[in-house]
Amino acid sequence: MTKGLKYMLLFVLVLILILIRFYEDQLFYDPYLTFFQNDYLYIDSPRREIAKLVGFTTLRFVLNSIISLAILFIVFKDKSIVKFSSIVYSISFIVLMLVYLYFVINPRQEDYYLFFNVRRFLIQPIILILLLPAFYYNKLKN
């Protein structure tokens, strides 16, 4: 793969991540988008359809994960990194979704800040931001 093609693919993939974030209101059902934009520490949790919310949160996590795995493959050209990252994403999804479901089903104002951060890991490509420098550092050390 030439450098030009590599950079073009990376640009397109990052652009897709940005577009997912930019159009999140239109693409995904998430009543917590506006809830967390307001003064959420002092208001009640919004009404929500739990199955629909979990489905769209899962869809968003899967889209971000696939794009993130593609970015990792293009940057490092190493299938073992993609396999390991897939395991990290899978375990993260299970753990984060269980915690997320607890907060959705049992909303308490004192848990909103933790809920906000757990939700961020599910709907934003934060794991990619953690994995890229980790694999780069590992590559430099070897």
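The rules behind these values
Residues numbered from 1 in each chain as written. Predicted model: local features only at pLDDT ≥ 70, side-chain atom pairs only at ≥ 80, totals over all residues. Heavy atoms only, no water. Helix = DSSP H or I, 4+ residues; strand = E, 2+ residues; numbered from the N terminus. Buried < 20%, exposed > 50% of the residue type's maximum accessible area, 1.4 Å probe, protein only. Contact = heavy atoms within 4.5 Å. Areas by Shrake-Rupley, 256 points an atom, 1.4 Å probe, with all protein chains shown as cover. Axes fitted to C-alpha atoms, helices over the stretch in contact; angles between N-to-C directions. Parallel < 35°, antiparallel > 145°, perpendicular 65-115°, else oblique. Nonpolar A, V, L, I, M, F, W, Y, C, P; charged D, E, K, R; others polar. Expected span 1.5 Å × (residues − 1). 1 Å grid on protein atoms, 1.4 Å probe; cavity = no way out; pocket = protein on both sides within 12 Å on 5 of 7 lines; lining within 4 Å. Points joined across faces, edges and corners; volume = space filled by probe spheres on them. Salt bridge = Lys/Arg side-chain N within 4 Å of Asp/Glu carboxyl O.

### Re the overall build of the protein chain
- Secondary structure assignment for the protein chain yields seven helices and zero strands.
- Listed N to C, the secondary structure of the protein chain is α-α-α-α-α-α-α in terms of helices and strands.
- Residues classed as buried in the protein chain amount to 39% of the 142 residues present.
- Residue pairs at least 24 apart in sequence account for 71% of intrachain contacts in the protein chain once pairs closer than 6 positions are excluded.
- Only carbon and sulfur atoms are counted for the fraction: they give 68% of the accessible area of the protein chain, which is about 9,000 Å².

### A word on the packing of helix α4 (residues 50–76) against helix α6 (residues 112–123)
- Two elements in contact, α4 and α6, have axes whose closest approach is 7 Å; the angle formed by their N-to-C orientations is 55 degrees. Judged by the inter-axis angle, α4 sits oblique to α6. When α4 is examined against α6, the residues T57, R60, F61 and N64 are found in contact with a partner set consisting of F121, L122 and I123.
- The residue makeup of the contact of α4 with α6, split by class, is four nonpolar, two polar and one charged.

### Some points on α6
- The end-to-end C-alpha distance of α6 is 16 Å, a good match for the 16 Å that 12 residues give at a rise of 1.5 Å each.
- Along α6, the residues that are buried comprise Y112, F115, F116, V118, R119, L122 and I123.

### Considering empty space enclosed by the protein
- The full count for this structure, using the stated rule, is one cavity of 30 Å³ or more.
- If you go around the largest cavity, the residues you meet are F61, N64, S65, S68, Y89, F121, Q124, P125, I126 and I127.
- Contributing elements (two or more residues each) for the lining of the largest cavity: α4 and α7 (126–141).
- Element by element, the count of residues in the lining of the largest cavity is highest for α4, at four residues.
- Looking at the lining of the largest cavity residue by residue, the classes come out as six nonpolar, four polar and no charged.

### Regarding α7
- Counted at 1.5 Å a residue, the expected span for α7 with its 16 residues is 22 Å, and the 23 Å between its end C-alpha atoms agrees.
- Of the residues making up α7, those classed as buried are I126, I127, L128, L131 and F135.
- Where α7 is buried, its residues touch α1 (3–22), α4, α5 (79–105) and α6.

### Some thoughts on the environment of I18
- Note on placement: I18 falls in helix α1.
- Between the alpha carbons of I18 and Q124 there is a distance of 9.9 Å; along the sequence they are 106 residues apart.

### Regarding the pattern of salt bridges
- In this structure the tally under the stated criterion is three salt bridges.
- The residue E24 makes a salt bridge to R21 at a minimum N-O spacing of 3.4 Å.
- The exposure class assigned to E24 is buried, which follows from its relative accessible area of 8%.
- When its relative accessible area of 43% is taken as the criterion, R21 is described as partly exposed.
- Close ionic contact of E24 with R60 constitutes a salt bridge, the shortest N to O distance being 2.6 Å. Taken together, the residues E24 in helix α2 (residues 24–27) and R60 in helix α4 connect sequence positions 36 residues apart.
- Through salt bridges with shared partners, a single network forms among R21, E24 and R60.

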